[in-house]
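# Close look at the chain arrangement
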Amino acid sequence: MSTSARYDFDTVIDRRGTWCVQWDGVADRFGVDGLLPFTISDMDFATAPEVLTALRARLDHGVLGYTTWQQDDFRSAVAHWYATRYGTEVDTGRLVYGPSVLSQLSQLLQMWTAEGDGVVVHTPTYDGFRKAVTGLGRELRGVPLGDAEALERELARADAKVFVLCSPHNPTGRVWTEDELREMGALARRHGVAVISDEIHADFVHDGYRHVPWTRIGGDGRWAVITSGSKAFNFPALTGSYGFIGDPADRAEFLRRMETAEGLASPAVLSLTAHIAAYRDGAAWLDAARSYVAGNLALIAERLNGAFPELAWQPPQAGYLAWIDLRPLGVGAGAGTDGVAGGGGGDRVDDEALQRVLIEREKVAIMPGAVYGAPGFLRLNAGCPRSKVVAGVEALVRGVGGVR
């Protein structure tokens, strides 16, 4: 039996009425209930059966008391995952734990920056980074994706203290090569800038590409990796993330802050259970999910490019988020707010007009690129049964055709 045949991704699971942000909370962002959502980056699939079995066994124990993450079952599961998935040996003595990737980011920013300091990111930018950085009173400084000269200019500024790297990149799905990562690491060390590498999308890299963990790049610079199995295995509601911090003193300070100032000495036991099961027994499910999502993304490419050949849209290198540039069709043409280059031509159709058509006529919710500083783009979540993807891309084609 093939790996994909062992798991069912086609069956629609009704998530409505489960306090689900994507389905039940769609009106909070789009102002209308009942839309078919392709929004927040979780998937409509049940998590791996191997994870569910482990969770049920833990619940059957019946006692859900205070828990420690600093134990061999968790450490060895992480080490096993990095060895088998990335061919990388990790020092589990550098491990840290936190309730979420963004909470870890916030804590590290408070450790390594002061109010008003510069924090460098690639643009377009995941909106969670923007909120974390500006919410702490730091200055967010965007660098266009792939522009090494602009990156060095920003890192060279005297008050630039941290470079937040998204690896693979959200929202574009870009997978960085080892040479690119080493170049970025050298630039950061040259200018004394700490690197925080968010690698939560790493487990969903598609065939033909390879994720290189920053643990292999950081060397003796100041750096941290923040990540979680929750994105790839679809259990974000359990909370829980982990990471690695290169410098022993920084690691000790991070743990002190988490355990004292934040009062987070005990992690969520079900998150630990899920991580251990996923990393020990979930690889086959994840590979099947990636393959299925790759089929979804190929379907989107075929339908979009068939309707609008000038798009020449290609699926992302990682993840289940289709980042779609509509500027060649005249949608959102012009420069983005975060320095994203303009493109296309003809009469400009603003993003708001397209969103009105998608919401009011097509009854779908698709994230506008302006959320990430990139007008003229859309981010469509393809982590769902194929029937939903078909409905979404058909609505998008009709919607775009209706505003051109």
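Rules of the game
Residues numbered from 1 in each chain as written. Predicted model: local features only at pLDDT ≥ 70, side-chain atom pairs only at ≥ 80, totals over all residues. Heavy atoms only, no water. pLDDT = per-residue confidence, 0-100. Contact = heavy atoms within 4.5 Å. 1 Å grid on protein atoms, 1.4 Å probe; cavity = no way out; pocket = protein on both sides within 12 Å on 5 of 7 lines; lining within 4 Å. Points joined across faces, edges and corners; volume = space filled by probe spheres on them. Pairing = 2+ DSSP bridges. Helix = DSSP H or I, 4+ residues; strand = E, 2+ residues; numbered from the N terminus. Axes fitted to C-alpha atoms, helices over the stretch in contact; angles between N-to-C directions. Nonpolar A, V, L, I, M, F, W, Y, C, P; charged D, E, K, R; others polar. Expected span 1.5 Å × (residues − 1). Buried < 20%, exposed > 50% of the residue type's maximum accessible area, 1.4 Å probe, protein only. Arc of directions from axis to C-beta. Polar contact = N/O pair within 3.5 Å; in protein donor to acceptor, adjacent residues only side chain to side chain. Parallel < 35°, antiparallel > 145°, perpendicular 65-115°, else oblique. Left-handed = near helix turned anticlockwise from the far one by under 90°.

## A short note on the confidence of the model for the protein
Mean pLDDT for the protein: 94, with 95% of residues reaching 70 or above. When the criterion is pLDDT under 50, residues 334-346 qualifies, and its contacts beyond four places in sequence or with other chains add up to 30 contacts.

## Considerations on the layout of surface pockets
Computed from the structure, the second largest pocket encloses a volume of approximately 220 Å³. Together, Thr172, Gly173, Arg174, Tyr209, Ala312, Trp313, Gln314, Pro315, Pro316, Gln317, Trp323 and Asp325 line the second largest pocket.

## Quick word on the sheet that holds strand β1 (residues 36-38)
Through backbone hydrogen bonds, the strands of a sheet pair up, either in parallel or in antiparallel fashion. Within the open sheet, the four strands sit side by side as β1-β10-β11-β9. Their pairing is mixed. Looking at which strands have only one partner, the edges of the open sheet turn out to be β1 and β9 (321-325). In this sheet, neighbouring strand axes are inclined to one another by 35° on average, regardless of whether the strands run parallel or antiparallel. As judged from the five bridges shared by β9 and strand β11 (residues 377-381), these two strands associate in the antiparallel manner. From the neighbouring strand, Leu321 faces β11, where its bridge partner is Asn381. Here helix α13 (residues 351-361) sits on the sheet in contact with β10 (364-368) and β11, set at roughly 160° to β10. Running over the sheet, helix α14 (residues 386-403) touches β1, β9, β10 and β11 and is turned about 90° from β1.

## Observations concerning empty space enclosed by the protein
A full pass over the atoms with the stated rule returns four cavities of 30 Å³ or more. Of the voids in this model, the largest cavity is the one considered here, and its volume is about 60 Å³. Among the residues forming the lining of the largest cavity, the class breakdown is five nonpolar, six polar and no charged.

## Some remarks on helix α4 (residues 72-86)
Across its 15 residues, α4 extends 20 Å between first and last C-alpha, which sits within 8% of the 21 Å expected from 1.5 Å per residue. The complete set of buried residues in α4 reads Phe74, Ala77, Val78, Trp81, Tyr82 and Tyr86. The buried residues of α4 occupy an angular sector of 130° when the element is viewed end-on, so they sit on one face. Opposite its buried face, α4 presents the exposed residues Asp72, Asp73 and Thr84, each directed more than 90 degrees away. Summarising the contacts, the buried residues of α4 are in contact with β2 (95-98), β7 (223-227), α9 (230-233), β8 (241-245), α11 (269-281) and α12 (283-307). A side-chain oxygen of the first residue of α4 lies 3.0 Å from the backbone nitrogen of Asp73; this N-cap is Gln71. Backbone geometry just after α4 places Gly87 at a positive phi near 60°.

## Digging into the side chain of Ser41
Following the sequence through the fold, Ser41 ends up in the loop between β1 and α3 (49-61). Residue classification places Ser41 among the buried residues on the basis of a relative accessible area of 11%. There is a polar contact of 2.9 Å between the side chain of Ser41 and the side chain of Lys231. Setting aside residues no more than four positions away along its own chain, Ser41 makes contact with Lys231, Tyr320, Leu321, Arg379 and Asn381.

## Notes on unusual backbone geometry
For the bond from Ser167 to Pro168, the omega torsion is -5°, close enough to zero to count as cis. As for its position among the elements, Pro168 is in the loop between β5 (160-166) and α8 (178-190). That bond from Asn170 to Pro171 is cis: its omega, 20°, falls within 30 degrees of zero. Along the polypeptide, Pro171 turns up in the loop between β5 and α8. Notably, Trp19 is not glycine yet its phi reads approximately 65°, a positive angle.

## Some points on the packing of helix α7 (residues 148-156) against α8
It is the contact of α7 with α8, at a shortest axis distance of 9 Å, that shows an interaxial angle of 20°. Judged by the inter-axis angle, α7 sits roughly parallel to α8. Crossing handedness for the pair α7 and α8: right-handed. Facing Ala148, Leu151, Glu152 and Leu155 of α7, the residues of α8 in contact are Glu183, Met184, Leu187, Ala188 and Arg190.

## Looking at the environment of Phe129
Its place among the elements puts Phe129 in helix α6 (residues 127-135). If sequence neighbours within four positions are ignored, Phe129 has contacts with Leu102, Leu105, Val164, Cys166 and Asp198.

## Some words on the sheet that holds β2
Reading across the sheet, the seven strands line up as β2-β8-β7-β6-β5-β3-β4 and stay open at both edges, with mixed pairing between neighbours. Lying at the two open borders of the sheet, with one neighbouring strand each, are β2 and β4 (139-144). Averaged over neighbouring strand pairs, the angle between their axes works out to 25° when direction is ignored. Where β5 meets strand β6 (residues 194-198), five bridges bridge the pair, whose relative direction is parallel. Note that in β6 the partner of Leu165 across the bridge is Ser197. Contacts between helix α10 (residues 248-261) and the sheet are confined to β2 and β8, with β2 contributing the most and set at about 25° to the helix.

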